[in-house]
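# Topology and contacts: notes
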Amino acid sequence: EPGTNWPYSITFIPVNTYGKTKLKFERELQDKMPARVLVLRCSLVLGPEARGKCKKQTYLQLVRDKLDAGEQFEAFDNEWRSMVDVFDVADYVRILTAHYLRMWTRVQRGVWFGTGVLNMGGRDRLSRAEVAQAVAAVIAPDKYELVIPTARDASKFKVASPADISMASAKLVATTGMLQTELYETITRSLGDGVTM
């Protein structure tokens, strides 16, 4: 079944328009520049609040805001993701770009040091409920019981969502030599006072 196999492989079958659009874009880039394209895939990026007018925040802020308000937060326990820290994403791009620029001067112009797809997931395969519980444990242990694990009922949503898009990222770690940040560190850094991107 699409989107339900751990670890999420390089080959996948999107279940909604968003996924199909991303896959189409990847394929078009790879068709037009096969020797120069490296695709980085992620399933859920977490980080601090964005500066400025951006109203879109990460899952961490959504959970925090509910807990701060003393409201119950229903979190899916049957959707699996590999959360990655936004600063790790930036570091991976920096490392891979720097490597590319070094190789650019050593090999025939336009030949990339590595092509294909790298999964850019976090260290762990976690449900949304587990992430919400981790947020509560870090910032509001007294409100831990406000996180209510619940199953996502696909019939209640207009847009399909894959149950499992967790990713094994060993190839990325081996390529860059960089381990992903642990979830608790991401939460602490992202939800600290005055922290913004």
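So, a few notes on the structure that sits alongside this text.

### Looking at the pattern of salt bridges
The full count for this structure, using the stated rule, is 11 salt bridges. Taking the shortest distance from any N to any O, the salt bridge between Glu 49 and Arg 64 comes out at 2.8 Å. With Glu 49 in the loop between β2 (44–46) and α2 (59–68) and Arg 64 in helix α2, this pair connects stretches of sequence that are 15 residues apart. What makes Glu 49 partly exposed here is its relative accessible area of 29%. Connected through shared salt-bridge partners, Glu 79, Arg 81, Arg 128 and Arg 152 make up one network.

### So, the pairing of strand β1 (residues 38–41)
On β1, burial follows the alternation: Val 39 and Arg 41 on one face are buried, whereas Leu 38 and Leu 40 on the facing-out side are not. Where β1 meets strand β6 (residues 116–119), four bridges bridge the pair, whose relative direction is parallel. Paired with Leu 38 across the strands is Gly 116, a residue of β6.

### Looking at the packing of aromatic side chains
Here the structure, examined in full by the defined rule, presents one aromatic pair. It is Arg 125 that lies over the ring of Trp 80; its NZ or CZ is 4.3 Å from the centre.

### So, the environment of Val 173
Along the chain, the position of Val 173 falls in helix α5 (residues 170–176). In this structure, the C-alpha to C-alpha distance between Val 173 and Tyr 92, residues 81 residues apart in sequence, is 9.2 Å. Once residues within four sequence positions are removed from consideration, Val 173 is found in contact with Tyr 92, Met 178, Leu 179 and Gln 180.

### Brief notes about helix α4 (residues 128–139)
Helix length check: α4 (12 residues) gives 17 Å between terminal C-alpha atoms against 16 Å at 1.5 Å per residue, within 8%. Within the sequence span of α4, burial applies to Arg 128, Ala 129, Val 131, Ala 132, Gln 133, Ala 134, Val 135 and Ala 136.

### Quick notes on the nonpolar core
Counting 21 residues, the largest nonpolar core has Leu 46, Tyr 59 and Val 131 as the members making the most contacts within it. Listed by contribution, the elements that provide at least two residues to this core are β2, α2, β3 (73–76), α4 and α6 (183–190). A per-element tally of this core places α4 first, with six residues. Residues contacting Val 131, with those up to four places away along its chain left out, are Leu 46, Tyr 59, Leu 60, Met 83, Leu 126 and Leu 183. Met 120, Leu 172, Val 173 and Met 178 belong to the second-largest nonpolar core, a separate cluster that totals nine residues.

### Looking at the packing of α2 against α4
Two numbers describe how α2 lies on α4: the axes approach to 10 Å, and their chain directions differ by 60 degrees. With respect to their mutual orientation, α2 and α4 come out oblique. Handedness of the crossing formed by α2 with α4: right-handed. On α4, the residues touching Tyr 59, Leu 60, Val 63, Arg 64 and Leu 67 of α2 are Arg 128, Ala 129, Val 131, Ala 132, Val 135, Ala 136 and Ile 139. Considered class by class, the residues forming the contact of α2 with α4 number 10 nonpolar, no polar and two charged.

Conventions adopted
- Residues numbered from 1 in each chain as written.
- Predicted model: local features only at pLDDT ≥ 70, side-chain atom pairs only at ≥ 80, totals over all residues.
- Heavy atoms only, no water.
- Salt bridge = Lys/Arg side-chain N within 4 Å of Asp/Glu carboxyl O.
- Helix = DSSP H or I, 4+ residues; strand = E, 2+ residues; numbered from the N terminus.
- Buried < 20%, exposed > 50% of the residue type's maximum accessible area, 1.4 Å probe, protein only.
- Pairing = 2+ DSSP bridges.
- Phe/Tyr/Trp six-rings, centres within 6.5 Å; stacked < 30°, edge-to-face > 60°.
- Lys NZ or Arg CZ within 6 Å of the ring centre and 35° of its normal.
- Contact = heavy atoms within 4.5 Å.
- Expected span 1.5 Å × (residues − 1).
- Core = buried A, V, L, I, M, F, W, Y, C linked by side-chain atoms within 4.5 Å.
- Axes fitted to C-alpha atoms, helices over the stretch in contact; angles between N-to-C directions.
- Parallel < 35°, antiparallel > 145°, perpendicular 65-115°, else oblique.
- Left-handed = near helix turned anticlockwise from the far one by under 90°.
- Nonpolar A, V, L, I, M, F, W, Y, C, P; charged D, E, K, R; others polar.

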